[in-house]
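Secondary and tertiary structure notes
One-letter residues, chain by chain:
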Amino acid sequence: MSPRLKKLRKVLNPPVIKGFKPYGPEVGSLNTEPILLHYEEYEALRLCDYDMYNHHEASAIMGVSRPTFTRIYASVRQKVAMAFAEGRQMSIEGGKVYFDSDWYSCGSCKCFFNNPQKEVEISNCPLCGSDKVSSNNMEDGTDEQNASKNCNDICFCPSCGYEEGHKLGKPCSQMVCPKCNAKMRLKK
Amino acid sequence: MKVAITSSGNTLDSLLDERFGRCPYFVIYDTESKAMEFIPNPNINAENGAGPASVQLVASRNVSKIVSGEFGMKIKSLVDSLKIQMIVVKEPNKKVSDIIEMLNY
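To keep things clear, this report deals only with the structure shown in the data block.

Conventions used here
Residues numbered from 1 in each chain as written. Chains lettered and ligands numbered in written order. Predicted model: local features only at pLDDT ≥ 70, side-chain atom pairs only at ≥ 80, totals over all residues. Heavy atoms only, no water. Helix = DSSP H or I, 4+ residues; strand = E, 2+ residues; numbered from the N terminus. Rg over C-alpha atoms; globule rule 2.2 N^0.38 Å. Buried < 20%, exposed > 50% of the residue type's maximum accessible area, 1.4 Å probe, protein only. Contact = heavy atoms within 4.5 Å. Areas by Shrake-Rupley, 256 points an atom, 1.4 Å probe, with all protein chains shown as cover. Lys, Arg positive; Asp, Glu negative; His and termini not counted. Charge placed at Lys NZ, Arg CZ, Asp CG, Glu CD. Pairing = 2+ DSSP bridges. Buried area = accessible area lost by both parts, 1.4 Å probe. Salt bridge = Lys/Arg side-chain N within 4 Å of Asp/Glu carboxyl O. Polar contact = N/O pair within 3.5 Å; in protein donor to acceptor, adjacent residues only side chain to side chain. Core = buried A, V, L, I, M, F, W, Y, C linked by side-chain atoms within 4.5 Å. Axes fitted to C-alpha atoms, helices over the stretch in contact; angles between N-to-C directions. Parallel < 35°, antiparallel > 145°, perpendicular 65-115°, else oblique. Left-handed = near helix turned anticlockwise from the far one by under 90°. Nonpolar A, V, L, I, M, F, W, Y, C, P; charged D, E, K, R; others polar.

Thoughts on the overall build of chain B
Helix and strand content of chain B: 3 helices and 5 strands. For 105 residues, the compact-globule estimate of 2.2 N^0.38 gives 13 Å, and chain B sits close to it at 12 Å. Principal-axis analysis of the C-alpha atoms places the extent of chain B at approximately 35 × 25 × 25 Å. Counting all 105 residues of chain B, 49% fall into the buried class. The long-range share in chain B, meaning contacts at least 24 apart out of those at least 6 apart in sequence, stands at 52%. When the accessible area of chain B is evaluated, it comes to approximately 5,200 Å², of which 50% is carbon and sulfur surface. Computed over 12 positive and 12 negative side-chain charges, the separation of the two mean positions in chain B equals 5 Å.

Take a look at the structure:
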């Protein structure tokens, strides 16, 4: 039986370099075979230790499950440590990945488009040539809109009666009434 | 530069098709020579894999942009790696001739 197929992992940008080389007088006498770092491993290290996301957030960004992300992360730690300890080269290549491109929208023809060449900056709409383009991440935008649509709860202030639409992810008990500075509550 | 437009018919007055993989016709428009070519889509009744097969078809014509109403899940990673730009037009009732007019800004 063939093993289960790996899901494609989302990598934001390819790394700026192809790898690392050790230097020093002992380099020639050591094992010179490079350690292969996959793109998804590089991305996991970048998200976790450079952008300081936790495993849960980082797994969502890469489009894999949290346990899979932790496995990728564990493997990159092992490889980087091995390269340091044994003084070996690291080469970043391969892996089951795709590179995500940014999405833009045009204000005059209302179309959406992406930018497959990251080196080229977008200044005009590719369809109508208008310069009213704005960068947007479609996924984030729609998620937020859907979330606020689905939530009909109301936060209210028990002392003065002030009411406000509830925002998801922000507990009512931590909100402070803008009028009388009392703690607010969820209206039932 | 060549642009692929998904069309629901083989005339300029046909409407832009809202799907990429299973649109009846592709219009390949060359912005420099103003030449256009209508290609019937062989994948219109495909059970699955219509999107990737259609990407192959338009990529073989060396297009650099694709205009359509919607792109499927399997397509995005494919066109990203081929460096083809996707343009999503969310307005129904746009004719192919309207799109070509907009491309000639």
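Past the structure itself, the notes keep going.
Considerations on the pairing of strand β3 (residues 36-40) of chain B
Residue and element names in this part refer to chain B. Summarising the sheet, strand β2 (residues 25-30) and β3 pair through 5 bridges and their orientation is antiparallel. Bridge pairing in β3 places isoleucine 28 opposite glutamate 37. Hairpin geometry of β2 and β3 is characterised by an intervening segment of 5 residues between the two adjacent antiparallel strands and by a positive phi of about 60° at lysine 34.

Points about the interface of chain A and chain B
Size of an interface, as often reported, equals the accessible area lost when the parts are brought together. At the junction of the two partners, chain A supplies 22 residues and chain B supplies 18 residues. Carbon and sulfur atoms make up 59% of the surface buried where chain A meets chain B, a total of about 1,700 Å² over both sides. By the criterion of area lost to chain B, the three top residues of chain A are A:Pro116, A:Pro126 and A:Leu127, representing 36% of everything that side buries. There are 0 salt bridges connecting chain A and chain B. Viewed at the interface, chain B and chain A are joined by 1 residue pair in polar contact (both at pLDDT 80 or more). For the side of chain A that touches chain B, the secondary-structure elements that each account for two or more residues are β5 (97-99) and β7 (111-115) of chain A. Ranked by the residues each element gives to the side of chain A that touches chain B, the list is headed by β7(A), at 5 residues.

Overview of the nonpolar core
Core analysis: the largest hydrophobic core is formed by 22 residues, its most contacted members being A:Cys111, A:Leu127, B:Ile5 and B:Val67. Mapped onto this core, the elements with two or more residues apiece are β6 (102-106) and β7 of chain A together with β1 (2-7), β2, β5 (85-89) and α3 (96-103) of chain B. Among the elements that take part in this core, α3(B) stands out by supplying 5 residues, more than any other. What A:Cys111 contacts, discounting residues up to four positions off in sequence, is A:Tyr104, A:Ser105, A:Cys106, A:Cys125, A:Leu127, B:Ile87, B:Val88 and B:Val89. Core analysis: the next-biggest nonpolar cluster, separate from the first, contains 19 residues, A:Val11, A:Val64, A:Ile72 and A:Met90 among them.

What about the sheet that holds strand β2 (residues 19-20) of chain A?
All names here are of chain A. The strand order β2-β4-β3 describes an open sheet built from 3 strands, whose pairing is mixed. Bordering the open sheet on either side are β2 and β3 (35-37), each of which pairs with just one other strand. Of the pairings in the sheet, the one linking β2 to strand β4 (residues 90-92) comprises 2 bridges and is antiparallel in character. In the strand pairing of β4, phenylalanine 20 is matched with methionine 90. The strands touched by helix α3 (residues 66-86) are β3 and β4; relative to β3, the strand with the most contacts, the crossing angle is about 145°.

Some details on the sheet that holds strand β9 (residues 154-156) of chain A
Residues and elements named next belong to chain A. Strand order in the open sheet made by the 3 strands is β10-β9-β11, with antiparallel pairing throughout. Looking along the sheet, the strands with just one partner apiece sit at the ends: β10 (163-165) and β11 (185-186). Note that β9 and β10 share 3 bridges and pair antiparallel. Its bridge partner lying in β10, isoleucine 154 is registered against glycine 165.

A short note on the packing of helix α1 (residues 39-50) of chain A against helix α2 (residues 55-62) of chain A
All names here are of chain A. It is at 10 Å that the axes of α1 and α2 come closest, and there the two elements cross at 135°. Classified by the angle their axes make, α1 and α2 are oblique. Taken as a pair, α1 and α2 cross one another with a handedness that is right-handed. On α2, the residues that touch Glu40, Glu43, Ala44, Leu47 and Cys48 of α1 are His55, Ala58, Ile61 and Met62. Looking at the contact of α1 with α2 residue by residue, the classes come out as 6 nonpolar, 1 polar and 2 charged.

On their own, these measurements won't tell you what the molecule is for.
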